[in-house]
Amino acid sequence: MSVWLTRIIPNPRSPEARRDLTGHHTAMNLHRRLMSLYPTEAGPDPRARFGVLFRTDDTPTGPHILLQSTHQPDLTKLPADYGTTQSRPLDALLDALKPGLTIRYRCAASPVRKPGATTRALYNLPAVIPLTGAHADEWWTRQAHTAGLTPLTLHSHPLDTAQATRTPGQTTTPQRIRHTRTRFDGTATITDPDLLRQKITEGIGRGKAYGCGLLSIAPARNTP
């Protein structure tokens, strides 16, 4: 199974691109756009079926959309003049992972804590508590270890909250979805290449349909 990485540089003059990247429901709009690049007959969860993960990175030239999947996207389905695209398989990078290798990483994720039922009842807490600041950093460190990494450096940056409205059924009340997001950047040493490949393919944490969980890596320029 190949893993494909696609970079889309949106055209700022494209009305469709501007609509996907602005407003309160950017993550939901972008999710719909990117899922349109894959076959429509894919069962009840096409995002999971095709391993679709995505992230928007701010750059000096504007936002770039990073899309990863286990099925090559059909980029001809993007609207005309939506932007420039480049797609390549990650097989060589993933095959080269080995214990002791130092890599750079980036992940925009939704750190949370899930209190137990007794604690929730005692303190009247919600089922999921978003984490920020030092608590988010601690969450990421735990996630990195379960992904076969030992973090060496960590720089975190809060991002806008991903928001969406979902209606599970015709007779149910629409649900407001919010994912507090933090971007984690740094360097790490690989301890378990197999675990790392799995987490790169599956993503990390919650909110994968809303621009969270894509773990990007690259060889470190210099070993710390």
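Scroll up a little and you will see the structure.
These numbers come from a predicted model, not from an experiment. (Residues numbered from 1 in each chain as written. Predicted model: local features only at pLDDT ≥ 70, side-chain atom pairs only at ≥ 80, totals over all residues. Heavy atoms only, no water.)

Novice: Would you mind going over the overall build of the chain in detail, with residue names and values included?
Specialist: Summing up its helical and strand segments, the chain has seven helices and 12 strands in all. Considering only C-alpha atoms, the chain reaches an extent of 50 × 45 × 35 Å along its principal axes. The buried share of the chain, taken over its 224 residues, is 42%. Pairs at least 24 apart in sequence give 72% of the contacts found in the chain among residues at least 6 apart. With an accessible surface of roughly 12300 Å², the chain has 51% of that area assigned to carbon and sulfur atoms. (Helix = DSSP H or I, 4+ residues; strand = E, 2+ residues; numbered from the N terminus. Buried < 20%, exposed > 50% of the residue type's maximum accessible area, 1.4 Å probe, protein only. Contact = heavy atoms within 4.5 Å. Areas by Shrake-Rupley, 256 points an atom, 1.4 Å probe, with all protein chains shown as cover.)

Novice: Go over the sheet that holds strand 5 (residues 102-109), please, and point to the residues and values.
Specialist: Reading across from one edge, 8-11-5-12 is the order of the four strands in this open sheet, with antiparallel pairing throughout. At either end of the open sheet lies a strand with only one pairing partner, and these are strand 8 (149-158) and strand 12 (215-219). In this sheet, adjacent strand axes meet at a mean angle of 20° when their direction is disregarded. Taken strand by strand, helix 6 (residues 133-146) contacts strand 5, strand 8, strand 11 (182-190) and strand 12, and its axis lies near 145° from that of strand 8. (Pairing = 2+ DSSP bridges. Axes fitted to C-alpha atoms, helices over the stretch in contact; angles between N-to-C directions.)

Novice: Hey, could you go over the sheet that holds strand 4 (residues 83-89) for me, with residue numbers and the actual values?
Specialist: The four strands lie next to each other as 2-3-1-4, forming an open sheet whose pairing is antiparallel. Edge positions in the sheet fall to strand 2 (53-59) and strand 4, since each has one partner strand and no second. Taking the axes of each pair of neighbouring strands and ignoring which way they run, one obtains an average angle of 20° across the sheet.

Novice: Could you give an account of the pattern of salt bridges, naming the residues involved and the relevant values?
Specialist: The full count for this structure, using the stated rule, is six salt bridges. The salt bridge involving Arg-33 is made with Asp-20; its shortest N-O contact spans 2.6 Å. Residue Arg-33 is found in helix 2 (residues 26-35), and its partner Asp-20 is found in helix 1 (residues 15-21); the two are separated by 13 residues along the sequence. The class for Asp-20 is buried, based on a relative accessible area of 5%. Between Asp-57 and Arg-55 there is a salt bridge; the shortest N-O distance is 2.8 Å. Each member of the pair, Asp-57 together with Arg-55, is buried. Through salt bridges with shared partners, one network takes in Arg-55, Asp-57, Arg-106, Arg-183 and Asp-185. (Salt bridge = Lys/Arg side-chain N within 4 Å of Asp/Glu carboxyl O.)

Novice: Can you lay out the side chain of Arg-55 for me, pointing to particular residues and giving the numbers?
Specialist: Tracing the sequence through the fold places Arg-55 in strand 2. Engagement of the side chain of Arg-55 in a polar contact is seen with the side chain of Asp-57, the distance being 2.8 Å. At 3.1 Å, the side chain of Arg-55 forms a polar contact with the side chain of Ser-216. (Polar contact = N/O pair within 3.5 Å; in protein donor to acceptor, adjacent residues only side chain to side chain.)

Novice: Go over unusual backbone geometry, please, and point to the residues and values.
Specialist: Notably, Asp-81 is not glycine yet its phi reads approximately 65°, a positive angle. Examined against the element boundaries, Asp-81 turns out to sit in the loop between strand 3 (62-69) and strand 4.

Novice: Any chance you could break down the environment of Thr-76 for me, citing the residues and the numbers?
Specialist: Mapped onto the elements of the fold, Thr-76 is located in the loop between strand 3 and strand 4. Among the polar contacts made by the side chain of Thr-76, one reaches the side chain of Asp-74 at a distance of 2.4 Å.

Novice: Can you lay out the nonpolar core for me, pointing to particular residues and giving the numbers?
Specialist: The nonpolar side chains of a soluble globular protein tend to be buried, and buried together. Ranked by size, the top nonpolar core spans 27 residues in total, and within it Tyr-105, Trp-140, Leu-196, Leu-215 and Ile-217 carry the most contacts. Excluding residues that lie within four positions of it along the chain, Leu-196 makes contacts with Leu-97, Ala-147, Leu-149, Ile-190, Leu-215 and Ile-217. Within the second largest apolar cluster, 14 residues are counted, among which are Leu-30, Phe-50, Leu-67 and Tyr-82. (Core = buried A, V, L, I, M, F, W, Y, C linked by side-chain atoms within 4.5 Å.)

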